[in-house]
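# Results of the structural survey
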Amino acid sequence: MTTARLRFELPPELEAHEPPEARRLSRDGVRMLVAYKSSGELVHTRFRNLPDFLDPGDLVVVNTSGVLAAEIAGLTRDGTKVVAHLSTKLTTDRWVVEFRNGAQRWDKGAPVPDWLALGEGAALDVLGSYHDSDRLFVARLTLPQPDVTWLSEHGRPIRYRYVDRPWPIAMYQNVYATEPGSAEMPSAGRPFTPQVITRLVANGVMVAPVVLHTGVASLERDETPYPEYVRVPQATSDVVNVTRERGGRIIAVGTTVVRALETAGGAPFEGWTDLVITPERGVRVVDGLLTGWHEPEASHLMMLEAIAGRELLERSYAASLAEGYLWHEFGDTHLIVP
């Protein structure tokens, strides 16, 4: 990984603190910057106009993983209140977890809890570090109900410091989500509405699903994504290959979809992926990407550079900052097309 990650200053006023609906916008009313790889042209528009920038025969691939109420509160043996984020489900009762001090990162100098009481017979036992991380841990989750059921009642959506108050989990769900499993929303797809999807299909653009259950996004700047569960169905791999054979373009909705499709390589796939996409590795399946705006030096920016190229990526981010686009899961969008 020899390419330096993109650096820039993100002003606090460009962090989206609330859903667009709270800003009197529809989901599809957020802004979208379209960046053309072929010409370098940048176009400022609204997400509802997405169908105007795709061609008949293109394929849009979405991640249908739904968001879990993955933030839970517990008490240590001495009664200290601790927040745990459930990042990734490994087995029936084992999860990757991240501990938080409220909305802030866990102090690396502080001792890590070995056990949390979650109430009503529920508990979390820490078994050890995950992949030698000093931030993520493997824990056994003991619950009196199935995990999705228990979390829906006792958990809440993961929320970071820039979102200043809680929102219902419906605000974190994509309209096409079918299968709970993500710690955080695959947020590139949040602006989709039934109307936008209908327009895409009516214009001859196909839509196909994959599943990738996302882990926590609160990675340190020197960390790359950890393994995540992926499922690319046979029907999706078939339509990907047919689209390519007929000259259509594969447009991934979110970095999770890129990771899933590039892992599968045009074949059906189910399992765990540790693939990290860099400019050196490049992409072999995906032609374009719809994504949000990523933080300075985030590992996702390596993937964006692999798709867009460094120059176009730098120009896109400079334009988004100059024009006041909003960041994070409730923010604006970025479409990179060939």
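As a starting point, this report considers the structure included with it. As the structure is a computational prediction, the values presented were derived from the model and not from experiment.

Reading guide: rules and limits
- Residues numbered from 1 in each chain as written.
- Predicted model: local features only at pLDDT ≥ 70, side-chain atom pairs only at ≥ 80, totals over all residues.
- Heavy atoms only, no water.
- Pairing = 2+ DSSP bridges.
- Helix = DSSP H or I, 4+ residues; strand = E, 2+ residues; numbered from the N terminus.
- Axes fitted to C-alpha atoms, helices over the stretch in contact; angles between N-to-C directions.
- Parallel < 35°, antiparallel > 145°, perpendicular 65-115°, else oblique.
- Contact = heavy atoms within 4.5 Å.
- Nonpolar A, V, L, I, M, F, W, Y, C, P; charged D, E, K, R; others polar.
- Buried < 20%, exposed > 50% of the residue type's maximum accessible area, 1.4 Å probe, protein only.
- Phe/Tyr/Trp six-rings, centres within 6.5 Å; stacked < 30°, edge-to-face > 60°.
- Core = buried A, V, L, I, M, F, W, Y, C linked by side-chain atoms within 4.5 Å.
- 1 Å grid on protein atoms, 1.4 Å probe; cavity = no way out; pocket = protein on both sides within 12 Å on 5 of 7 lines; lining within 4 Å.
- Points joined across faces, edges and corners; volume = space filled by probe spheres on them.

As a further point, take the sheet that holds strand S2 (residues 42-46). Reading across from one edge, S2-S1-S18-S17-S15-S3-S13-S14-S16 is the order of the 9 strands in this open sheet, with mixed pairing throughout. Each edge of the open sheet is held by one strand with a lone partner, namely S2 and strand S16 (269-273). In this sheet, adjacent strand axes meet at a mean angle of 20 degrees when their direction is disregarded. Sheet topology places strand S17 (residues 288-291) next to strand S18 (residues 333-337); 3 bridges connect them, and they run antiparallel.

This brings us to the packing of helix H5 (residues 300-308) against helix H6 (residues 310-322). Two elements in contact, H5 and H6, have axes whose closest approach is 7 Å; the angle formed by their N-to-C orientations is 120 degrees. Classified by the angle their axes make, H5 and H6 are oblique. Touching Leu 301, Leu 304, Glu 305 and Ala 308 of H5 are Arg 310, Leu 312, Leu 313 and Tyr 317, all from H6. Considering only residue class, the contact of H5 with H6 consists of 6 nonpolar, no polar and 2 charged.

A separate point is the environment of Val 61. Within the element layout of this structure, Val 61 appears in strand S3 (residues 59-63). For the pair formed by Val 61 and Val 97, sequence separation is 36 residues and the distance between their alpha carbons is 29 Å. Dropping the residues within four chain positions of it, Val 61 is found in contact with Ala 208, Val 210, Ile 250, Ile 251, Ala 252, Val 253, Val 257 and Leu 261.

Of all 5 residues in S18, 5 are buried, a share of seventy percent or more. Burial along S18 is two-sided: Thr 333, Leu 335 and Val 337 facing one way and His 334 and Ile 336 facing the other are all buried. With 5 bridges connecting them, strand S1 (residues 31-36) and S18 associate as parallel partners. Counted as the bridge partner of Val 34 is Leu 335 from S18.

Attention now moves to the packing of aromatic side chains. Tallied over the entire structure, the rule returns 13 aromatic pairs. Centre to centre, the rings of Phe 99 and Phe 137 are 6.0 Å apart; their planes meet at 40 degrees, and the pair counts as tilted. With Phe 99 in strand S7 (residues 94-101) and Phe 137 in strand S11 (residues 136-142), the pair connects residues that are 38 residues apart, well separated along the chain. The pair formed by Phe 99 and Phe 137 is uniform in burial state, with each residue classed as buried.

Quick look at the nonpolar core now. Core analysis: the largest hydrophobic core is formed by 41 residues, its most contacted members being Val 258, Leu 261, Tyr 317 and Trp 327. When residues in this core are grouped by element, the largest group, 6 residues, is from H5. Excluding anything up to four places from it in sequence, Val 258 contacts Ala 252, Ile 277, Val 283, Val 286, Leu 289, Met 303 and Ile 307. One finds Leu 68, Val 96, Val 97 and Ile 158 within the second-largest nonpolar core, a separate group that totals 40 residues.

Further remarks concern the layout of surface pockets. In this approach, a probe sized like a water molecule rolls over the atoms, and the result shows the empty space that is left. A volume near 180 Å³ is recorded for the second largest pocket. In terms of lining residues, the second largest pocket is bounded by 13 residues, among which Lys 89, Trp 95, Pro 180, Gly 181 and His 213 are the most central. Elements that contribute at least two residues to the lining of the second largest pocket include exactly strand S6 (81-89), helix H1 (147-154) and strand S12 (179-182). Ranked by the residues each element gives to the lining of the second largest pocket, the list is headed by S6, at 3 residues.

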